[in-house]
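# Summary of the model geometry
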Amino acid sequence: MAGNGYNPYEEVVSVIEKAAAMLGLGENEYKMFEYPERELKVSIPVEMDDKSIKIFEGYRVQHSSCRGPCKGGIRYHPDVNLDEVKALATWMTFKCAVVNIPYGGAKGGIKVNPRELSKEELKRLTKNYTARILPLIGPDSDIPAPDVNTGEEIMGWIMDAYSMYKGQNVFSVVTGKPVEIGGSLGRREATGRGVTIITKEVLKRAGIPVKGARIAIQGIGNAGGVAAQQLENEGCKIVAISDTSASLYNDEGLDIEDILEYKKGNGVKRPLSEYNFRAGKRISDFELLTCDADVLIPAALENQVNERVARNLKAKVVVEAANGPTTLEADRILEEKGVMVVPDILANAGGVVVSYFEWVQNNQAITWEEEEVNHKLEKVMLKAFNDVLKKAGEKNTTLRMGAYMLALERLAKVNKLRG
Ligand code: GLU
């Protein structure tokens, strides 16, 4: 989020600059990737349940279409702003290039706290937002997906709004839809599954046995919650987990199944602050980020692992399930301390990879078994992990710089080929 002088867009541009310099690229080869192709700001009038009209602010940014249609989620959050959406769109371009799927990058968002809206209000907001961004989106131009506080239901509404405008069903305009209306099996768990695959791999490289590895996870949403469950199934100890209301800690490992069951509630998510602990204690967010763990998985928002957290961090490995959780300054400190950081554009790419699979299935009007989806996902993630590792090794640098160099090389090459 913006604030305290932190600007995620400026940060990603300086990482691109650094990657370009390390690759020895000339300005003509990479400068265009420091400017989004299109930025759209929209005002969205919504009739509230009390019949009053409220105007919401929304965005859709297309960063690059050079490797394929623009691709990226839509976020509903009170802190959404243009610089954040621009940064998130840029990360999508680099993420899709790292895992080598034929997409560019985009992102959208609405400045709203969805918990303050009724379901009908949320539906009207979503349909009106879709109408406003309609000139940009389409199955061959720009394909939205879920992100923070959006999920299958909202994607279904977007698909419906777009289809009504077109006068026919266009399933492939959006991914992360309910399975009944063209969603892919395995898409819901895909980001968390990707994080699990990468975490296991990086533990192996770091010489830490998966069984008994101590993991702290900030965030229990779609990415953090699924990763927690899967890593626990793999024999890891989830020693800490949090939501926006509280952070829980148990040195012996938390009962993740029980916590997730509680969290689900009866369809309405319940806050961890009211969770009835069997064993363990409550800690602060800072304590969670710096607790005694082998792996820290930030799975919430940007700007969480800052300078102070980095200085006090005890984990040996950070796997970025969120987009942009580590600030540049913190990244520098972690490098100095020898902490291995798996960057967001690799670690959380599982979501967009299975989005791509969903789009492929929609375009061909076929459905793949969940096993097939998961198998293909694992293959793509491991290939990308090894590509990044190799690139970082070649240039004797961090995994973040390895990932950015790999992506930038692919982007610059395509740009050159296209003339
Ligand atoms: N919002 C997810 C991300 O940040 C998924 C994007 C997608 O599936 O297009 O990667």
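Computed from a predicted model, the values in this text were never measured in an experiment.

### A word on the packing of helix H3 (residues 82-98) against helix H15 (residues 399-417)
Running from amino to carboxyl end, H3 crosses H15 at an angle of 85°, the nearest separation of the two axes being 8 Å. When the axis of H3 is compared with that of H15, the two are roughly perpendicular. Contact with H3, carried on its side by Trp 91, Thr 93, Phe 94, Ala 97 and Val 98, involves Ala 403, Tyr 404, Leu 406, Ala 407, Leu 408, Arg 410 and Leu 411 of H15 and no other residues of that element. When grouped by side-chain class, the residues that make up the contact of H3 with H15 number 10 nonpolar, 1 polar and 1 charged.

### Some thoughts on the sheet that holds strand S1 (residues 38-47)
Here 5 strands make up an open sheet; going across it, the order is S1-S2-S4-S3-S5 and the pairing mixed. Where the open sheet ends on each side, the last strands, each with one partner, are S1 and strand S5 (142-146). With direction set aside, neighbouring strand axes in the sheet form an average angle of 25°. Across 5 bridges, strand S3 (residues 70-77) lies against S5 in parallel orientation.

### Let's talk about the site of the ligand
Near the ligand you find 14 residues, and of these Lys 71, Lys 95, Pro 146, Asp 147 and Ser 355 are the closest. In this structure, Lys 95 approaches the ligand through a side-chain N or O atom, which is 2.6 Å from an oxygen atom. Here an oxygen atom of the ligand sits 3.1 Å away from a polar atom, N or O, in the side chain of Lys 107. About the coverage of the ligand: the protein hides 95% of its 300 Å² of free accessible area.

### Side note on the sheet that holds strand S8 (residues 247-249)
Taken in spatial order, the 7 strands make up an open sheet running S9-S8-S7-S6-S10-S11-S12, and their pairing is mixed. Each edge of the open sheet is held by one strand with a lone partner, namely strand S9 (281-283) and strand S12 (340-342). Across the sheet, the mean angle from the axis of one strand to that of its neighbour is 20°, orientation sign disregarded. Pairing analysis gives 4 bridges linking strand S6 (residues 214-218) to strand S10 (residues 295-298), with the strands arranged parallel. By the bridge assignment, Ile 215 is partnered in S10 with Val 295. Along the sheet, helix H6 (residues 190-206) contacts S6, S10, strand S11 (317-319) and S12; its crossing angle with S11, the most-contacted strand, is approximately 165°.

### Digging into the pairing of S6
The element S6 is largely enclosed, with a buried count of 5 among its 5 residues. With burial as the criterion, each face of S6 is covered, one bearing Arg 214, Ala 216 and Gln 218 and the other bearing Ile 215 and Ile 217. Bridge analysis of S6 against strand S7 (residues 237-242) gives 4 bridges, and the strand direction is parallel. From the neighbouring strand, Ile 217 faces S7, where its bridge partner is Ile 241. For the crossover from S6 across helix H7 (residues 222-233) to S7, the handedness is right-handed.

### Overview of the environment of Gln 62
Secondary-structure assignment places Gln 62 in strand S2 (residues 53-64). Overall, Gln 62 belongs to the buried group, its relative accessible area being 3%. Between the alpha carbons of Gln 62 and Glu 39 there is a distance of 6.4 Å; along the sequence they are 23 residues apart. Contact partners of Gln 62, with chain neighbours within four places excluded, come to Pro 36, Glu 37, Arg 38, Cys 70, Gly 105, Ala 106, Leu 136, Ser 141 and Asp 142.

### Describing the pattern of salt bridges
Scanning the model with the defined rule gives 35 salt bridges in all. Between Arg 75 and Glu 302 there is a salt bridge whose closest N-O contact spans 2.8 Å. Taken together, the residues span a long stretch of sequence, with Arg 75 in strand S3 and Glu 302 in the loop between S10 and helix H10 (307-312) at a distance of 227 residues. Per residue, the accessibility class of Arg 75 equals that of Glu 302, and both read buried. Bridged by salt links that share partners, the residues Arg 75, Glu 84, Lys 107, Asp 147 and Glu 302 form one connected network.

Calculation criteria
- Residues numbered from 1 in each chain as written.
- Predicted model: local features only at pLDDT ≥ 70, side-chain atom pairs only at ≥ 80, totals over all residues.
- Heavy atoms only, no water.
- Axes fitted to C-alpha atoms, helices over the stretch in contact; angles between N-to-C directions.
- Helix = DSSP H or I, 4+ residues; strand = E, 2+ residues; numbered from the N terminus.
- Parallel < 35°, antiparallel > 145°, perpendicular 65-115°, else oblique.
- Contact = heavy atoms within 4.5 Å.
- Nonpolar A, V, L, I, M, F, W, Y, C, P; charged D, E, K, R; others polar.
- Pairing = 2+ DSSP bridges.
- Near = heavy atom within 4 Å.
- Polar contact = N/O pair within 3.5 Å; in protein donor to acceptor, adjacent residues only side chain to side chain.
- Areas by Shrake-Rupley, 256 points an atom, 1.4 Å probe, with all protein chains shown as cover.
- Buried < 20%, exposed > 50% of the residue type's maximum accessible area, 1.4 Å probe, protein only.
- Right-handed = clockwise from strand over helix to strand, strands pointing away.
- Salt bridge = Lys/Arg side-chain N within 4 Å of Asp/Glu carboxyl O.

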